[in-house]
Amino acid sequence: MRCTFMRANSRSQRSSGFDATELMGVADWSERLVERIREANALGTPLRITGGDTKHFLGRQPRGEQVDVSGHTGVLSYEPTELVVTVRAGTPIAEVQAMLNGSGQCLAFEPPDFGSAATIGGIVASGLSGPCRPYLGSVRDFVLGVTCVNGSGEWLHFGGQVMKNVAGYDVSRLMVGAMGTLGAILDVSFKVLPVPEAEQTRVYEVSEDIAIAKMNEWAAQPLPLSAACYLTNELRIRLSGTEAGVAAAVRDLGGAQDPAGSLFWRALREQQLPFFESTDVLWRLAVPPATPPLGLPGDTLLDWGGAQRWLSSRQGDEAIRAAVQAVGGHATRFRGGDRSLSVFHPLAPGLATLHRNLKNAFDPAGILNPGRLYEEI
Amino acid sequence: MRAPELIAELRRLLPADCLLSDVEALRPYECDGLTAYRELPLAVVIPTDVDQICNVMRYCETHGLPVVARGAGTSLSGGARPHKDGIVLSLARFNQILAIDPTNRTARVQPGVRNLAISEAVAHLGLYYAPDPSSQIACSIGGNVAENAGGIHCLKYGLTVHNVLKLEVVLTNGQRVTLGGDTPDTPGYDLLALLNGSEGMLGIVTEVTVRLLPRPVTAQALLAVFDEVTQAGDAVAAVIASGIVPAGLEMMDNLAIRAAEEFAACGYPVDAAFILICELDGTESEVSQQVERVTGLFLEKGAREVRISRSEDERLKFWSGRKNAFPAVGRISPDYYCIDGTIPRKQLGNVLKGIASLSEQYGLRVANVFHAGDGNLHPLILYDASQPDEFRRTEELGGQILELCVHAGGTITGEHGVGVEKLNQMCVQFSEPELQQFHALKNAFDPRGVLNPGKAVPTLARCAEFNAMHVHAGQLPLPEIERF
Ligand SMILES: Cc1cc2nc3c(=O)[nH]c(=O)nc-3n(C[C@H](O)[C@H](O)[C@H](O)COP(=O)(O)OP(=O)(O)OC[C@H]3O[C@@H](n4cnc5c(N)ncnc54)[C@H](O)[C@@H]3O)c2cc1C
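Residues numbered from 1 in each chain as written. Chains lettered and ligands numbered in written order. Predicted model: local features only at pLDDT ≥ 70, side-chain atom pairs only at ≥ 80, totals over all residues. Heavy atoms only, no water.

Visitor: I would appreciate a short explanation of the domain arrangement of chain B in the present structure.
Guide: Interface size is commonly expressed as the accessible area that is lost once the parts come together. Residues and elements named next belong to chain B. Considered domain by domain, chain B is made up of domain 1 (3-90), domain 2 (97-214), domain 3 (218-328) and domain 4 (334-471). Of note, the centres of domain 2 and domain 4, computed from C-alpha atoms alone, are 26 Å apart. At the interface, 19 residues of domain 2 touch 19 residues of domain 4. Summed over both sides, the interface between domain 2 and domain 4 buries roughly 1,500 Å², with carbon and sulfur atoms accounting for 64% of that surface. Of all residues in domain 2, the largest losses of buried area upon contact with domain 4 belong to Thr172, Glu199 and Met201, amounting jointly to 41% of the total for that side. (Domains from an automatic or database assignment. Contact = heavy atoms within 4.5 Å. Buried area = accessible area lost by both parts, 1.4 Å probe.)

Visitor: Which parts of the structure should I look at to understand the packing of helix H11 (residues 349-362) of chain A against helix H17 (residues 432-445) of chain B?
Guide: Axis separation between H11 of chain A and H17 of chain B bottoms out at 8 Å; the angle between their running directions is 160°. The orientation of H11 of chain A with respect to H17 of chain B, classified from their angle, is roughly antiparallel. Crossing hand, H11 of chain A versus H17 of chain B: right-handed. Between H11 of chain A and H17 of chain B, the residues in contact are Leu354, Asn357, Leu358, Ala361 and Phe362 of chain A and Gln437, Ala440, Leu441, Ala444 and Phe445 of chain B, respectively. Along the lines of polarity and charge, the residues of the contact of H11 of chain A with H17 of chain B split into eight nonpolar, two polar and no charged. (Axes fitted to C-alpha atoms, helices over the stretch in contact; angles between N-to-C directions. Helix = DSSP H or I, 4+ residues; strand = E, 2+ residues; numbered from the N terminus. Parallel < 35°, antiparallel > 145°, perpendicular 65-115°, else oblique. Left-handed = near helix turned anticlockwise from the far one by under 90°. Nonpolar A, V, L, I, M, F, W, Y, C, P; charged D, E, K, R; others polar.)

Visitor: Where do I start with the nonpolar core in this structure?
Guide: For soluble globular proteins, the rule of thumb is that nonpolar side chains tend to be buried together. Membership of the largest hydrophobic core comes to 167 residues, with the highest contact counts inside it found for Phe190 of chain A together with Leu191, Met251, Phe298, Leu441 and Phe445 of chain B. Sorting elements by how many residues they give to this core places helix H9 (residues 229-241) of chain B first, with seven residues. When neighbours within four sequence positions are excluded, Met251 of chain B is seen to be in contact with Ala232, Gly233, Val236, Phe274, Ile275, Leu276, Leu348, Leu352, Asn368, Val369, Phe370 and Ala372 of chain B. (Core = buried A, V, L, I, M, F, W, Y, C linked by side-chain atoms within 4.5 Å. Buried < 20%, exposed > 50% of the residue type's maximum accessible area, 1.4 Å probe, protein only.)

Visitor: Would you mind going over the packing of helix H14 (residues 348-362) of chain B against helix H15 (residues 390-407) of chain B with me for this structure?
Guide: When two helices pack together, their arrangement is given by the angle between their axes and by how far apart the axes lie. Residues and elements named next belong to chain B. Where H14 contacts H15, the axes come no closer than 10 Å and their chain directions differ by 160°. Here H15 runs roughly antiparallel to H14, going by the angle between their axes. Crossing angle aside, the handedness with which H14 passes H15 is right-handed. Across the interface between the two elements, Val351, Gly354, Ile355, Leu358, Ser359 and Tyr362 from H14 touch Arg393, Glu396, Leu397, Gln400, Ile401 and Leu404 from H15. For the contact of H14 with H15, a count of residues per class yields seven nonpolar, three polar and two charged.

Visitor: Explain the sheet that holds strand S2 (residues 43-45) of chain B here, please?
Guide: Whenever strands of a sheet pair, they do so through backbone hydrogen bonds, lying parallel or antiparallel. Residue and element names in this part refer to chain B. An order of S1-S2-S4-S3 is seen for the four strands of this open sheet, with the pairing classed as mixed. The open sheet has two free edges, formed respectively by strand S1 (19-20) and strand S3 (67-70), since each of these has just one partner strand. When S2 meets strand S4 (residues 87-90), the two strands line up parallel, connected through three bridges. Paired with Val45 across the strands is Leu89, a residue of S4. (Pairing = 2+ DSSP bridges.)

Visitor: What exactly am I supposed to notice about the domain arrangement of chain A here?
Guide: Residue and element names in this part refer to chain A. Parsing chain A into structural domains produces domain 1 (2-194) and domain 2 (198-335). The C-alpha-based centres of domain 1 and domain 2 are spaced at 29 Å. Between domain 1 and domain 2, the residue contacts involve 16 residues of the former and 16 residues of the latter. Buried surface at the junction of domain 1 and domain 2, summed over both partners, amounts to about 1,400 Å²; 63% is from carbon and sulfur atoms. For the domain 1 face of the interface with domain 2, the top three residues by lost area are Phe114, Pro131 and Tyr135, together amounting to 46%. Applying the counting criterion to the domain 1 and domain 2 interface returns one salt bridge. (Salt bridge = Lys/Arg side-chain N within 4 Å of Asp/Glu carboxyl O.)

The following block contains the structure:
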C-alpha cells in the first residue's frame, strides 16, 4: 500500500503498517499545514506554532497567528524489538508513555509535561528533559529522525528509524530545542529503552557543598544512578536497573530509603514541588556539575547531579548571568520577568551570526515562531 | 590560482616545516582508508597552533581555495581524500591531551589525539571514553567527530555525538567559535550535534571535550553459534526485546569467521554459518544473571552452542577475531571494499539473504561482520583491483547493497559517512528539497564552499543524471527479493 501524499520516491518504509483511511485525514492535515506555511512565507506573516501550548511560558513573548498542530496525532509505528517509536507531533506525551509502558519500555529522557495536553512536538521543540538526563541522556540523544515543514513550506524528512545514521547533516537533532524557529515538526522517531526492573530512592541529610561532592563522586563510579537532586539539606538519589544491581548499590551507598521517591521525582520533573511555588523569577542555571555553590541571592534546588540548578530569585538578570557565565555556565529566565528581553543566555557574536545564517537557510522569510528563541531569529 | 603562487603565499603564513609541496611528500596524503579513490593536493599544511589555522582558512576563503581537513586518514568513505585544486590541512600536530577533569569527568584534547589514547590516559581514574571504533588505535578524535564514529560499545553507551560535550571550531572566515560547553546543554541551536557527522564540511575542529564514563565493574562475553541466518537474526531481536541492553552484540558470517580464525587463532568454530558475540557488563551479580538469560534466549532461538567467557583473557579472545576482522579479510583477498548500511534489526535475515543473492549475481564474494545490535551492516566485498572491470562491478554491487538497505527502511551509512563514494545513493535516500536544505545549511557555515567541496551532499544536477540512468522504483534490482 502506498499513500498518495507521500512523494513518489522509493522510501517504502514510510508506508508500512499505516492505515489507509486514517491516512486520508492526515494527508489533508499535513497538506493544509504546508499550504498555510507557503502562504505565510509569501506574505511574510509570522506564525506561532503550538501543540498543547503547555510551554507557553517558555522563551520570549510569542507572536504571530496561531497554528495549532495538536490535532496531528497518532502513533505511526512502534515495534518493541526495534526499540523505536515514530509518532506524530500532536500526540500527547502521556499517551505515548502509556503505550510504551504497556510493552515495558519508555521515553527514557523523562520528558516534563507541564500539563496533560503536552505533545511530542512541543517537547522536541523546547528540548526539555527530566531528572535522568545526566545519566541516560537528553531528548536530543534519543531523537532518531524528524519530518518537518520548513519556512518555505517544504515537506522534509531527516534521519530515520534506525539507531545509526550519518547520511546528510543531523537536522533532526538541530530541531531539538530550536523552539520551532527552523521548522514545524510533523513527526518524530525516538529510540526507546526498557523500563528498569527495579528502582529505589535514597535520602541523605547533608549540606549543599557535600551534596555536590557526593553527586559527582558517585557519578564517577559504575553505579546505576538515574537521578540526583539536592534541596534544603536533603540529597536524594535514584538508583535504577536490575534488582541485583540496585540492591548492590543500596548496600554500598547507605542512606535512608525514601518510600515516596517516585512521587518526588515526578513532582521535580513537573515543577510541582513547593520550591516552585515562589512568585519570584525562576531561573534555570546550567553549570559544570561539580561547580561549588553559587551563593546567588534566592532559593536554590540542584538537579542533574549538580549540572542543572534552579534559582528562584529577585536578583537582576545581568548579575545572575554574569555570575553563571563566570563559572562556565549559562542562565535561562525560565518563568517570569520581562519576556520582551533576552530569556535565553545571549550568544557570543560568532555564534549569533551562525544562528542568523541557519535561520535564513530554513526560514528565509522569518515567519516561524519569530523572536521566541532570540530576538533576531 | 597556480600552485607556485599558492605555495609562496602559504610560506608567508606558516613556518617552513608546516608546509609540504613536493610531489613525493604529498604522496602519503593522496587517499584515506578508501584507497580506491586517490588525488594529489597542491600542498599539505601541518599547522602547530590555532592562529595558523585561522590564517590559512582566511586565506583559502578569500581565494576560494578548497581545504580538506585530515585527522588520521582512516576514513572509509573518501572523506579525507584531497581536492586536486586545493590543500590538505592535517591536524597531526594537534596531538596533546590538554586537561583531564576527574570531578566533572571530562577530558579536553586536541583533535589529532588518537581515540584510544584518551581511554589510556584516564584508565588510572577508573574512567574511559566509550565510543570505540575498530580503528581506535589509529583514528583521531577530530575525525571521529567529523564522522560521528561508532563502535562495538555504542549499543549501550552511544555514538560520538552522545559523548562529546564541547568543540572549538575555526570557521572558514577564520573566526573561532565554541560549540556546546562544559554544561549539559548550551543556549540556542544544537550546533554541537550538527557538527558531529558533518564530514569536515562546516568547520575545522581544533579542540574536543569528551565525556568520560566509569568503567563497569565487570564484563563477560558470550559466543553463540548458529546454522541459519534467521535463527541468528531472531536471537538478536530476542535479546533486545528482553529488556537487556548488551554492551555489544556483533555478528559474523562464515567467510568472516574463517578469515578471522586464520588470522587471529581465536578459537572460532570454522564450520559455523553465523556467530553472535554478545558482551554484558555491570556488577558481578547483574552480569551473571544476564549471562544466564541471554544464554537461554540464544539456545531457545536455535543456537547450536553457546560459549561463555570464564576469564578476562577469554573475553578478549572472543573479541580478538571480531576486532581484527577487516585486516583478516584483507588477507584472503587482494582487495576488499567495506560497505556501511544500517537497517531495522528485524530486516537482518532478509537483507543478508538479499546480499547473498547479489553476491552471486555479481560473482563477487561478500564477508559479513557487523554491529547486529544496532542493525549496522558491514558487508566486505572481496575483489581484485588488478582484474579489469572488477572494481567497477564492486562499486556497483556496493551501491545495490546500500539501496537494499534504504528499501528495508534503513540508511546508506551508519557510521562511515557519505564522503565521495555514496553520493549517488544520497540521491536515492533524499528528495530534491531535502538535498537543497542540506546545501543551504552548508552555505550558512561556508558561503564560499571551500571546505571539502564536492563531498557528502550531491548536487541536484548529479542526482537528476543518476536518477535518469538508474533502474529505479518500478524496476529494482533482484525483483525476486521481497521489498519489505
Ligand atoms: C580498519 C578500519 C576499521 C574501522 N572501524 C570503524 C568503526 O568501527 N566505526 C567507525 O565509525 N568507523 C570505523 N572506521 C572508519 C574511520 O576510522 C572513522 O571514520 C574515523 O572516525 C576517521 O577518523 P580519522 O582521524 O582517520 O579521520 P580522517 O580519515 O582523517 O578524516 C575523516 C573525515 O573527517 C574530517 N576531519 C578530520 N579531522 C577533522 C577536524 N579536526 N576538523 C574537521 N574535520 C575533520 C576529514 O575532512 C574527513 O572528511 C574504520 C576504518 C578502518 C580503516
